[in-house]
Amino acid sequence: MAKAPSQPAGMPATKTARQARVSALLASRAVRSQAELAGLLADDGLVVGQATLSRDLVELRAVRVRGKDGGLIYALPREGGERGVHSASSQELLDTRLVRLCGELLVTAEGSANIAVLRTPPGAANFLALAIDHSVMPSILGTIAGDDTVMVITRDALGGAEVAERFLQFAAESGSGA
C-alpha cells in the first residue's frame, strides 16, 4: 500500500491550504512552469498531480506574464480588484503600497511580547491587514482584523514592539505620518 505524502508542519491537507501555498510560492518567486511549481510543492511535502495543479491555477486566476528577464512566469491578480498581477516582480510595488497605506490608515501602533496592535480609522482595519498579509515580511506570522484594530502576530516571542515601530516608520516614510 502506498504511503500518503506528508504535509508541511502546520498545514492541513486541504484544497484551500494547498492553494494558499501555491499563491505564496507565486508571490515569492518567479515560477516558469507547472512542473517547477509541482517541484516546489513537493519540496514542501505536497505531492500534487498535474491536473489538480492546473485546476488550482485556473481557480486562482493565475496568468502567465513576462518576468523581468523577459521569460514567462505565473502571476496572480492583485487584491482589491486592481488590474495587473501579483508576482515576485511586483513585490516592490506591494511594499510601496503598504508604506502608503500605513501613512493613510495607521493611527497608533504598540507592541507587547509577540503581538503588535495597530489602530486605524473605523472600517479600515481589514484593508490594512490584507496589505500586511500580502506583503513579504518574514517576521510576521499573520494578522487578525476587527473594525478599527489589527492584531499582528510576530514569529519572534518578543518581536511585537519592533514590528509596531516598523509600521510607525512606514507611516512616517509615506509623508502622511501617523
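My aim in this report is to walk through the structure given alongside it, one point at a time. Quick caveat: nothing in here was measured; it's all calculated off a predicted structure. (Residues numbered from 1 in each chain as written. Predicted model: local features only at pLDDT ≥ 70, side-chain atom pairs only at ≥ 80, totals over all residues. Heavy atoms only, no water.)

Quick word on the overall build of the chain
Alright, step 1. When its secondary structure is counted, the chain shows 6 helices and 7 strands.
Alright, step 2. Counted from the first residue to the last, the chain has its helices and strands arranged as α-α-α-β-β-β-α-β-β-α-β-β-α. (Helix = DSSP H or I, 4+ residues; strand = E, 2+ residues; numbered from the N terminus.)

Let's talk about the environment of Val31
Alright, step 1. Structurally, the position occupied by Val31 is in the loop between helix H1 (15–28) and helix H2 (34–43).
Alright, step 2. Separated by 44 residues in the primary sequence, Val31 and Ala75 place their C-alpha atoms 8.3 Å from one another.
Alright, step 3. In contact with Val31, not counting residues within four places along its chain, are Leu25, Leu26, Glu36, Leu37, Leu40, Leu72, Ile73 and Tyr74. (Contact = heavy atoms within 4.5 Å.)

Quick notes on the packing of aromatic side chains
Alright, step 1. Counted under the stated rule, the structure contains 1 aromatic pair.
Alright, step 2. Judged by centre distance (5.7 Å) and plane angle (90°), the rings of Phe167 and Phe170 are edge-to-face. One end of the pair, Phe167, and the other, Phe170, are both in helix H6 (residues 160–173), 3 residues apart, so they sit about a helical turn from each other.
Alright, step 3. Residue classification places Phe167 among the buried residues on the basis of a relative accessible area of 0%. (Phe/Tyr/Trp six-rings, centres within 6.5 Å; stacked < 30°, edge-to-face > 60°. Buried < 20%, exposed > 50% of the residue type's maximum accessible area, 1.4 Å probe, protein only.)

A few points about the packing of H1 against helix H3 (residues 50–59)
Alright, step 1. Axis separation between H1 and H3 bottoms out at 10 Å; the angle between their running directions is 75°. Between H1 and H3, the angle falls in the class roughly perpendicular. Facing Lys15, Arg18, Gln19, Val22 and Leu26 of H1, the residues of H3 in contact are Thr52, Leu53, Asp56, Leu57 and Glu59.
Alright, step 2. Looking at the contact of H1 with H3 residue by residue, the classes come out as 4 nonpolar, 2 polar and 4 charged. (Axes fitted to C-alpha atoms, helices over the stretch in contact; angles between N-to-C directions. Parallel < 35°, antiparallel > 145°, perpendicular 65-115°, else oblique. Nonpolar A, V, L, I, M, F, W, Y, C, P; charged D, E, K, R; others polar.)

Description of the packing of H1 against H2
Packed helices, taken two at a time, are described by their axes: the angle between them and the distance between them.
Alright, step 1. One can describe the packing of H1 onto H2 by two numbers: an axis separation of 11 Å at closest approach and a directional angle of 115°. In terms of axis orientation, H1 runs roughly perpendicular to H2. As H1 runs across H2, the sense of the crossing is right-handed. Touching Arg21, Val22, Leu25 and Leu26 of H1 are Leu37, Leu40 and Leu41, all from H2. (Left-handed = near helix turned anticlockwise from the far one by under 90°.)

Brief notes about the pairing of strand S5 (residues 115–119)
Alright, step 1. Only one face of S5 is covered, namely the one carrying Ala116 and Leu118; the face carrying Ile115, Val117 and Arg119 has none of its residues buried.
Alright, step 2. In this structure, strand S4 (residues 108–112) lies alongside S5, joined through 5 bridges in antiparallel fashion. Bridging across to S5, Ala109 finds its partner in Leu118.
Alright, step 3. Once S4 ends, the chain turns through 2 residues before running back antiparallel as S5, passing Ala113 with a positive phi of about 50°.
Alright, step 4. When S5 meets strand S7 (residues 149–154), the two strands line up antiparallel, connected through 5 bridges. Bridge pairing links Ala116 to Val152 in S7. (Pairing = 2+ DSSP bridges.)

Considering the sheet that holds S7
Alright, step 1. The 4 strands lie next to each other as S4-S5-S7-S6, forming an open sheet whose pairing is antiparallel. Sheet topology places S4 and strand S6 (140–145) at the edges, where each strand pairs with a single neighbour. Neighbour-to-neighbour, the strand axes of this sheet turn through a mean angle of 20°, independent of strand direction.
Alright, step 2. Set on the sheet, helix H5 (residues 125–134) makes contact with S5, S6 and S7; between it and S6 the angle comes to about 165°.
Alright, step 3. In this fold H6 packs onto S4, S5, S6 and S7, with an angle of close to 165° to the strand it touches most, S4.

Any functional reading would require information beyond the geometric quantities listed.
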